[in-house]
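Close look at the chain arrangement
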Amino acid sequence: MTPAAPPTPPKPTPPPRRVVVSPCISVCRIDAATGWCEGCQRTIEEIAAWGSMGDDRRADVWAALPARRAALYPPKP
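Described in the following lines is the structure provided in the data block.

Considering all chains together, one arrives at zero aromatic pairs under this definition. Sitting over the face of the ring of W50, R42 holds its NZ or CZ atom 5.0 Å from the ring centroid.

Here we come to the state of the cysteines. Taken as a whole and judged by the stated rule, the model has zero disulfides. The thiol of C24 is unpaired, and the distance to the nearest cysteine sulfur, on C28, comes to 4.3 Å. Judged by relative accessible area, C24 falls into the partly exposed class, the value being 36%. Of all cysteine sulfurs in the structure, the one in C37 sits closest to C40, which takes part in no disulfide; the separation is 3.8 Å.

Turning to the nonpolar core, a few remarks are in order. Listed in full, the five residues of the largest apolar core are V20, W50, M53, V61 and L65. When sequence neighbours within four positions are dropped, the list of residues in contact with W50 reads V20, V21, S22, P23, R42, R58, V61 and W62.

Conventions and cut-offs
- Residues numbered from 1 in each chain as written.
- Predicted model: local features only at pLDDT ≥ 70, side-chain atom pairs only at ≥ 80, totals over all residues.
- Heavy atoms only, no water.
- Phe/Tyr/Trp six-rings, centres within 6.5 Å; stacked < 30°, edge-to-face > 60°.
- Lys NZ or Arg CZ within 6 Å of the ring centre and 35° of its normal.
- Disulfide = S-S within 2.5 Å.
- Buried < 20%, exposed > 50% of the residue type's maximum accessible area, 1.4 Å probe, protein only.
- Core = buried A, V, L, I, M, F, W, Y, C linked by side-chain atoms within 4.5 Å.
- Contact = heavy atoms within 4.5 Å.

What follows is the structure, given as structure tokens:
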């Protein structure tokens, strides 16, 4: 009788990956004065690089959007 092979240890589970979603709202027009998309307020460079950006950089972009939105669409008095 051949001895049984030792059991294969389970593969470690990778930590959960945080995913920062795109701010795109499908209103894709670049404002000529600011260079920001009128829908999501990202630059064309940020839009083009989004797929290869890490979550930290994506979070930085998200952090800049409220100020950009306020500059494009100031509150009405």
